[in-house]
Each structure stands twice: as C-alpha cells, then as structure tokens.
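Notes for the structure review
The lines below spell out each chain.
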Amino acid sequence: MQRMRVASLLPSATEMLFAIGVEPVGVSHECDYPPAARDLPSVNRSRVDPEASSAAIDDQVQAALEEGGVYEIDREQLLELDPDVVVSQGICDVCAVDDSDILRTVEELDLDAEVVTSNPHSLADVLADIERFGRLLDAPAQARAVRSELEARIESITAQTPEEGPRVAVLDWLDPVMVAGHWIPGMVDRVGGSYGLADPGDRSRPREWADVREYDPEVLIVSPCGFGLDQIRENAADLTDRDGWEALTAVSENRLYAVDGHHYINRPGPRLVESLAALAGVVHPGSVDPPADAVERFPRPAQPDSIPGRTRNR
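Keep in mind the model is a prediction, meaning the values are calculated, not measured.

Of all hydrophobic cores here, the largest spans 80 residues; its most connected members are Val170, Ile184, Tyr195, Leu220, Leu239, Trp245 and Phe298. In terms of residue count, helix α13 (residues 272-283) provides more of this core than any other element does, 9 residues in total. Core analysis: the second largest hydrophobic core is formed by 14 residues, Leu9, Val25, Ile73 and Leu109 among them.

Listed below in structure tokens is the structure:
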C-alpha cells in the first residue's frame, strides 16, 4: 500500500509524524526535529525576524498581522509536492500558518488534499492527536505504541512528584509579558505545582507586570515561544530590569529557570512529555531529572550552576 503524501506546517505535527513512522514530503521553515526534518522542502516562510529582541518581534508580528499574516505559504512548492494531506493548526495565528490560510490556499491551487487541523490545549489532546494521525495515515498500531510509551513516561514523572507544591508562573513572552496557557497549567498541576495565573486550556495572553508581582511566584520559569536558551539569555533584561523584580519570592529564593521554549515548553508534540519532566525537575528539585539541554538557571550565572536533579550513586 502506498503511503499518503503529507505536508506538515507545524513542528509539533512533524515530530508526531516521524514518531509514528510517517515521513512528510514537506514541512514548515521551523521544523528542525528530528534532524531528518531539516532536509525536507519548506512550504512556508516567516515575515518576522526570529533573531530580533522580544519587543521587536512583537512589533513585527503586530505589523504582519495587519498586512495579511505572519507567514507566507510557498504556493509553488506546495503545488509541486502535491500532498494528499496537509497538517495545519488552529491554536495561534502567530505560532504557525493558520488553518484558514492553508484551506484557502489548497482550494485556490485546486489540490486534492485533506487539511487536518491540530489544535491541542492539553497534554491529553496531544496524545489524542498522535492516535488520530495514526488512524488517518494507516499507522494505527505505531501510533498506539507511541501513545502507550508516552503515557507510561507521564505516569512515571507524576508518580515521583508531590501532589502539592509552590506557586509557579511560566512566562511564554517577555515584552510584553505573557503567561503561558493551553497545556501548561494542567502540566504544572500534574507535577504538584500551583498555577494561579491561568486555568487549564486558557489561551496564553499578555498580563500586566503588576499582576505577576501580586501573584508573587515562588518558582518562575522563563520560556518564550520560539526562544532557545541562548535567545532567552539575550533577552533576560526584559524581566530583570522591571520594577519590583528583586522583590519577587522566586528571585530572593533563587528559584528562577530558563526552559527552551522552541523545542520543549511551547511545542505540543511527543517531547511535551520531556517538558513535563523539565517542569517536575524545577518545581520539585530532586524528583525528576529534566532534559539536560532544556533547562538552565535564569539569568545564567557567571559560574556554572547545576540544575536540580537526582543524585546518582552508580
């Protein structure tokens, strides 16, 4: 049986497809994991400079939205690839090509392609998407196996964390400050943290800095959408220069962490389970070892500093 030709327009879906043994014929410009995805044709491009500062990116995004959108679809490339299925998203018109844009493009190009939308707002939604893609793309057994493995990992992580813990805030943008929503509140709850600035499933949205100060997190996690650890360091002053920064409990108790938002916290694919481990490892130090490449102290200290993890006696 010939496999369907799939184009994926968001990194999380690309990771899901590879996980169930389906290699897409085309991907988005941001699809960089697994490494094989980097060699595939890109079917879109961004109108925003991803290397700019937090504030500059926000300005560019607002301007792009007024002029037709943040992303431009490479219509010629998509037409050449002639996919049977295009995976889009409905979570955020800033994070990736919106499903309405790809639906319109598929119709205008007269492609015989089904547009499938990924729109997760919880960890459970991500697991359900994996199985949904498996059924659609003739890989149901592989998808069930991947889901089962991820569920076992989730159970292992949550079993090692207390049911209750500190007040936690996760910021997924710095200027303006935005509090992470969607899957993050539920994940913090799973690892025994208290997440008082958003409810499970809420959209991420800008918040007044005064709200964050009043909430006074005991653990503060900095994980801007699309930023790796290097870029978080470069934009650290967006937080550390704010009035009242030093008065936060998380600052006085040195419970400040940067978590890679590009590959982990803000990418709702299979590695969201490793993001759960990262959250567990900083909310309850010593409970779970976070991924070594995902977490560092914020702002990064002048001298090497360890991230809380289990002591190994081997």
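Moving on, we get to the sheet that holds strand β11 (residues 295-297). Strand order in the open sheet made by the 6 strands is β8-β7-β6-β9-β10-β11, with mixed pairing throughout. A strand with exactly one partner marks an edge of an open sheet, and here the two such strands are β8 (205-206) and β11. The sheet contact formed by strand β7 (residues 177-179) and β8 spans 2 bridges and is antiparallel. Its bridge partner being in β8, Val179 is matched across the sheet by Arg205. Along the sheet, α13 contacts β6 (168-174), β9 (219-222), β10 (256-259) and β11; its crossing angle with β9, the most-contacted strand, is approximately 145°.

For the rest of this paragraph, the subject is the sheet that holds strand β4 (residues 85-89). The strand order across the open sheet built from 3 strands is β1-β4-β5, with neighbouring strands paired in parallel fashion. Every interior strand has two partners, whereas the edge strands, β1 (6-8) and β5 (114-118), have only one. The mean angle between the axes of side-by-side strands here comes to 25°, regardless of whether they run parallel or antiparallel. Pairing geometry for β4 and β5, over 5 bridges, is parallel. Bridging across to β5, Ser88 finds its partner in Thr117. Strands β4 and β5 of the sheet are contacted by helix α5 (residues 123-136), whose axis makes an angle of about 165° with β5.

What follows concerns the pattern of salt bridges. One pass over the structure, following the stated rule, counts 15 salt bridges. Residue Arg132 pairs with Asp129 through a salt bridge whose shortest N-O separation is 2.7 Å. Linking Arg132 with Asp129, this pair stays in helix α5, spanning 3 residues, or about one helical turn. Judged by its relative accessible area of 27%, Arg132 falls in the partly exposed class. With relative accessibility at 7%, the residue Asp129 sits in the buried group. For Asp216, the salt bridge goes to Arg167, with nearest N and O atoms at 3.7 Å.

Next up on the list: the pairing of β6. Burial within β6 is extensive, with 7 of its 7 residues counted as buried. Bridge count between β6 and β9: 4 bridges; the pairing is parallel. Looking at the pairing, Ala169 lines up with Leu220 of β9. Direction of pairing for β6 relative to β7: antiparallel, over a ladder of 3 bridges. Bridge pairing in β7 links Trp173 to Met178. Following β6, the chain reverses through 2 residues before pairing antiparallel with β7.

Reading guide: rules and limits
- Residues numbered from 1 in each chain as written.
- Predicted model: local features only at pLDDT ≥ 70, side-chain atom pairs only at ≥ 80, totals over all residues.
- Heavy atoms only, no water.
- Core = buried A, V, L, I, M, F, W, Y, C linked by side-chain atoms within 4.5 Å.
- Buried < 20%, exposed > 50% of the residue type's maximum accessible area, 1.4 Å probe, protein only.
- Helix = DSSP H or I, 4+ residues; strand = E, 2+ residues; numbered from the N terminus.
- Pairing = 2+ DSSP bridges.
- Contact = heavy atoms within 4.5 Å.
- Axes fitted to C-alpha atoms, helices over the stretch in contact; angles between N-to-C directions.
- Salt bridge = Lys/Arg side-chain N within 4 Å of Asp/Glu carboxyl O.

Treat this as a map of the structure, not an account of what it does.
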